[in-house]
Amino acid sequence: MALRAMAAQAATVLRLSSQPRIAKPLIIPLSLRYSTVPEDLKYSASHEWVKVEGDTATIGITDHAAHELGDVVFADLPESGTSVHKGKPFAVVESVKAASDVYSPVSGEVIDFNEVVKSTPATVNKGPFVEGWLIKVKLLDKSELESLLDAAKYREHIESSGH
Amino acid sequence: MSGSKPIMRLLRLREFPIFQQLQVEERLLRDTQCNWCIINDGTAPPSIVMGISGKPELLLDVRAVIQDQVPVIRRFSGGGTVIVNSDTVFVTIICNRDAVPNLSLYPHPIMRWTEQLYAPVFEGVPGFQLREHDYVLGSLKFGGNAQSIIKNRWLHHTSFLWDYDNIQMQYLKLPSKAPSYRLARPHGDFICRLKDYLPSRDLFLQTIVSALQVHFIVQGSTIDDTGQNMPSKSPRTTKILTSVQLDSFLTDCNPKV
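Basis of the calculations
- Residues numbered from 1 in each chain as written.
- Chains lettered and ligands numbered in written order.
- Predicted model: local features only at pLDDT ≥ 70, side-chain atom pairs only at ≥ 80, totals over all residues.
- Heavy atoms only, no water.
- Helix = DSSP H or I, 4+ residues; strand = E, 2+ residues; numbered from the N terminus.
- Buried < 20%, exposed > 50% of the residue type's maximum accessible area, 1.4 Å probe, protein only.
- Contact = heavy atoms within 4.5 Å.
- Core = buried A, V, L, I, M, F, W, Y, C linked by side-chain atoms within 4.5 Å.
- Buried area = accessible area lost by both parts, 1.4 Å probe.
- Salt bridge = Lys/Arg side-chain N within 4 Å of Asp/Glu carboxyl O.
- Polar contact = N/O pair within 3.5 Å; in protein donor to acceptor, adjacent residues only side chain to side chain.

Details of the overall build of chain A
In terms of regular secondary structure, chain A is built from six helices and nine strands. Looking at chain A residue by residue over its 163 residues, the buried ones come to 44%. Considering only contacts within chain A whose residues lie at least 6 apart along the sequence, 63% involve residues at least 24 apart.

Some remarks on the nonpolar core
Of all hydrophobic cores here, the largest spans 40 residues; its most connected members are B:Tyr118, B:Phe122, B:Phe142, B:Trp154, B:Phe160, B:Leu194 and B:Phe204. It is helix H7 (residues 201-215) of chain B that contributes the most residues to this core, six residues altogether. Dropping the residues within four chain positions of it, B:Phe204 is found in contact with B:Val89, B:Val121, B:Phe122, B:Phe160, B:Trp162, B:Leu194 and B:Leu198. Grouped together as the second largest cluster of nonpolar side chains are 27 residues, A:Val93, A:Leu134, A:Leu145 and A:Leu148 included.

Details of the interface of chain A and chain B
Opposite the 20 residues of chain A that make contact, chain B presents 23 residues. In total, about 1,700 Å² of surface goes out of reach between chain A and chain B, with carbon and sulfur atoms giving 58% of it. Broken down residue by residue, the surface that chain A buries against chain B is led by A:Val96, A:Lys97 and A:Ala99, which jointly contribute 36%. Run the count over chain A and chain B and you get two salt bridges. Note that B:Asp134 is salt-bridged to A:Lys97, the shortest N-O span being 3.3 Å. At the junction of chain A with chain B, the criterion picks out eleven residue pairs in polar contact (both at pLDDT 80 or more).

Shown next as structure tokens:
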């Protein structure tokens, strides 16, 4: 009996020690599976990004927004010389069956718009942060940048929105 | 206030011109903060309505449209081209972000929610589903959908084919971008008439209102409540194409033999 008990105990120990270490599953939030969030940009809560170089801001929509919208088939962008205002719509993109407003994270004057996006709207989905930029703006008030989100806060925003 | 439903203001119209309806909708979406449902039972005159990016030279038999003086409207929402008349039933839903709990304001989630909304309306009718972006019975489309989404509000409108005129359908070309289930079928083989599946038009409209009442407290409103004659706070996108504009697309068309 004692020997059997020892054997059982040994078997238990052996089973425990021979259990493969089960790695904790890497839980990637659904939103971040699809979303790239470059560190060097600023973001708005309505899913636009801003890249500031001197007094010029380049604006586009984020990878998260581009993914959620689906294939962009049309982009109505403002002409150079148009004024844009922080928090106000400046463009419309069409995807699936929806026309969706795009909001400016900053105020200023449009100095360039992306002709490639106008002629090939899918560029927004292909490269939302590089070739898919929408407009360039001469900034009116740089202090507006302070209220935008950094990459970490934008990731949190995506998470908390339940996307 | 947990468990309370949001209020939905219901505007019932009949044979209201579609251009004016779209203008009202655009205004209600952008300039008001209420939830709205607009049901327009038919429209006159028969009109062609394109989405925001619609190109007449690609979507229409422009020569025939000009010859027959059919109004062509470019609306503020996305989506495709329809020809509408007194046999079309229009249902538009305009909501605040919090009107539907946990709804993500993007096209697919909104579309899927509307499928849930309309499911009771088509209870007992085999094959109702949202297929790609269309409401279908099996593989036959019976409603065209389009949306407009702004920061904290969204609009989803549908033109339901209670019946349709085969001759009028000929104004529409086969679009270059079509859902995969269409399989290059011409209009007549791709769409169906709801009157062939539902007992009555009035009952159809009533069940839509009942379906809304599952989600909202529905309150009747009048056209005057929409403030349609008040000045707009923001630019309007919905336009009727002029004859000069339509003529300019003729150079892109093949001449009729």
